[in-house]
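Take a look at the letters that make up each chain.
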Amino acid sequence: MTTRDIATLAVDFVRQFDDVPADGAAYDFLRCAEQAGFPPDDALIAWDCAMRSRFSDDEDDYTTEVEEWQRLLDSFVDWNTFGVTTEAPTFLIAPLFVKGGVNVIYSEAGMGKSLLVQYAMAALASGKPFLGYDGGEPVSVLYIDQEMSDGLLLDRLEDAAYHVRYDDPERDPVLGAHFHYANMPPLPMLNTPEGGEAMRKLAEHFEAQVVVIDTTTDSVEGDENDNTPFKLLWRYCVRPLKERGCTVILLSHAGKDPDSGIRGGSAQQGNPETIWRLQGQRGSSVRKLLNQKKRVKWVPSSVEVQLVSDPHDYYVWKDRPDPRAVEVAGWLDAIDAPSFVSRDDAAGLLRDAGFSVKNDHVGPAIKFRQTQGR
């Protein structure tokens, strides 16, 4: 029996007051709720809400109140089962995007942040490898682009050997089924209740696992130097998406002084799991991502990527070790493993701590830690 079911049941019993004394209706309701396996305390709350709303014509007044109370209770940690289904933080694409978290990339104009994220999302949607992602089952991606044209998107994807044109005999149906891309959609501003609700509905409609907003400054109303617009963006849009389990990727511009951080209010920097600054020399194919914030210990301070066009566009790591080794090295750091631990011992320590790891990745991770003096 769901929360809405128990709330509706309480309402039905309240409506019996004309024929049954209130105490009798309450007793009958609590007995039915108990037989349905609903916790007694929550059943009492449902009854109380129904009683307080008994004169309302709108049944949703009380069912919604009960659901909201249940949702609040469900947000508390159940220490009796904590860790049974809880997973350690992992990467969507190592080491850039923390899965299920909020990740920010910002840069000066023309550095290629959109291009990097577009190629990353196309890879996820088609199940193809990309940098620290090995490929696998296609991922449903919702991409809201406030700047791009369809023609430029077509050129970029075809440059990366994605067959997306309608008349292409090799057209990829997998990408089309999982890459939900909107160019300048007629959405309300995302820092309003209406905008947040629209994004929630889109995420549900497409069963989105990843949501990209490109860019945040073009998606909010209000003074961009004020913190309020970005706090409201978090409240109405980003947080509900994260609560759904979505990985959220926000693209932003750098301020007038790029060294001062993201353009706009400082509130943008409070909630993300990672913040990356993309920088490089114009005309160069190499870009450096400098980590400006991390909540996960094993995110490195910087990574370098290079855009290669041979025979098509793709990104590679620039002078960087195996990203899996770097990720596992971060896990070893997180559990304070000794620097010269054996491979088998390290693997055992990681598994005891709840990390899922292959032995083939542990040895290179130990060597990487040692070269870094860790």
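A short tour of the structure in this document, coming up. (Residues numbered from 1 in each chain as written. Predicted model: local features only at pLDDT ≥ 70, side-chain atom pairs only at ≥ 80, totals over all residues. Heavy atoms only, no water.)

### Digging into the pairing of strand 11 (residues 313-317)
Part 1 of the argument: Here strand 11 shows a buried face lined by Asp313, Tyr315 and Trp317 and an unburied face lined by Tyr314 and Val316.
Part 2 of the argument: Bridging between strand 10 (residues 302-309) and strand 11 involves five bridges; their strand directions are antiparallel. Within strand 11, the position partnered with Ser309 by the bridge is Asp313.
Part 3 of the argument: Two successive antiparallel strands, strand 10 and strand 11, enclose a turn made up of three residues. (Buried < 20%, exposed > 50% of the residue type's maximum accessible area, 1.4 Å probe, protein only. Helix = DSSP H or I, 4+ residues; strand = E, 2+ residues; numbered from the N terminus. Pairing = 2+ DSSP bridges.)

### Observations concerning the environment of Lys256
Part 1 of the argument: Mapping Lys256 onto the fold places it in the loop between strand 7 (247-253) and strand 8 (274-279).
Part 2 of the argument: Expressed as a C-alpha distance, the spacing of Lys256 and Glu108, which sit 148 residues apart in the sequence, is 8.7 Å.

### Notes on a nonpolar patch on the surface
Part 1 of the argument: Taken together, the side chains of Val77, Trp79 and Phe82 present a nonpolar region at the surface, about 370 Å² in accessible area.
Part 2 of the argument: Within the secondary structure layout, Val77 lies in the loop between helix 4 (60-74) and strand 1 (91-93). (Patch = residues over 30% accessible without salt bridge, like charges linked within 9 Å, V, L, I, M, F, W, Y side chains within 5 Å. Areas by Shrake-Rupley, 256 points an atom, 1.4 Å probe, with all protein chains shown as cover. Salt bridge = Lys/Arg side-chain N within 4 Å of Asp/Glu carboxyl O.)

### Some details on the sheet that holds strand 6 (residues 210-214)
Part 1 of the argument: Read from one edge to the other, the open sheet built from nine strands follows the order 5-4-6-7-3-8-9-10-11, with strand pairing classed as mixed. Both outer strands of the open sheet, strand 5 (179-183) and strand 11, are each paired with one neighbouring strand and no more. Averaged over all pairs of adjacent strands, the angle between their axes in this sheet comes to 20 degrees, without regard to strand direction.
Part 2 of the argument: Looking at chain direction, strand 4 (residues 141-145) and strand 6 are connected through five bridges and run parallel. Looking across to strand 6, one finds that Asp145 is bridged to Asp214.
Part 3 of the argument: Relative to strand 4, helix 5 (residues 113-126) is tilted by about 155 degrees, and along the sheet it contacts strand 3 (102-107), strand 4, strand 5, strand 6, strand 7, strand 8, strand 9 (286-294), strand 10 and strand 11.
Part 4 of the argument: Contacting strand 3, strand 6 and strand 7, helix 9 (residues 228-243) crosses the sheet at an angle of about 140 degrees to strand 7. (Axes fitted to C-alpha atoms, helices over the stretch in contact; angles between N-to-C directions. Contact = heavy atoms within 4.5 Å.)

### Some thoughts on the packing of helix 8 (residues 193-206) against helix 9
Part 1 of the argument: Following both chains from N to C, one finds helix 8 and helix 9 inclined at 25 degrees, their axes separated by 7 Å at the closest point. Here helix 8 is positioned roughly parallel relative to helix 9, judged by the angle of their axes. Along this stretch, helix 8 crosses helix 9, giving a crossing that reads as right-handed. Here helix 8 contributes Pro193, Gly196, Met199 and Ala203 to the contact with helix 9, which in turn contributes Tyr236, Cys237 and Leu241.
Part 2 of the argument: Here the residues of the contact of helix 8 with helix 9 sort into six nonpolar, one polar and no charged. (Parallel < 35°, antiparallel > 145°, perpendicular 65-115°, else oblique. Left-handed = near helix turned anticlockwise from the far one by under 90°. Nonpolar A, V, L, I, M, F, W, Y, C, P; charged D, E, K, R; others polar.)

### Remarks on the side chain of Ser252
Part 1 of the argument: Assignment of secondary structure puts Ser252 in strand 7.
Part 2 of the argument: What makes Ser252 buried here is its relative accessible area of 1%.
Part 3 of the argument: In this structure, Ser252 is in contact with Ile105, Tyr106, Ser107, Lys113, Thr215, Thr216, Ile262 and Gln268, ignoring residues within four places of it in sequence.

### A closer look at helix 5
Part 1 of the argument: The end-to-end C-alpha distance of helix 5 is 20 Å, a good match for the 20 Å that 14 residues give at a rise of 1.5 Å each.
Part 2 of the argument: Summarising burial for helix 5: 14 of the 14 residues are buried, a large majority.
Part 3 of the argument: Of the residues one or two after helix 5, Gly127 is the one with positive phi, at around 75 degrees. (Expected span 1.5 Å × (residues − 1).)

Note that all results are geometric; they support no functional claim without further evidence.
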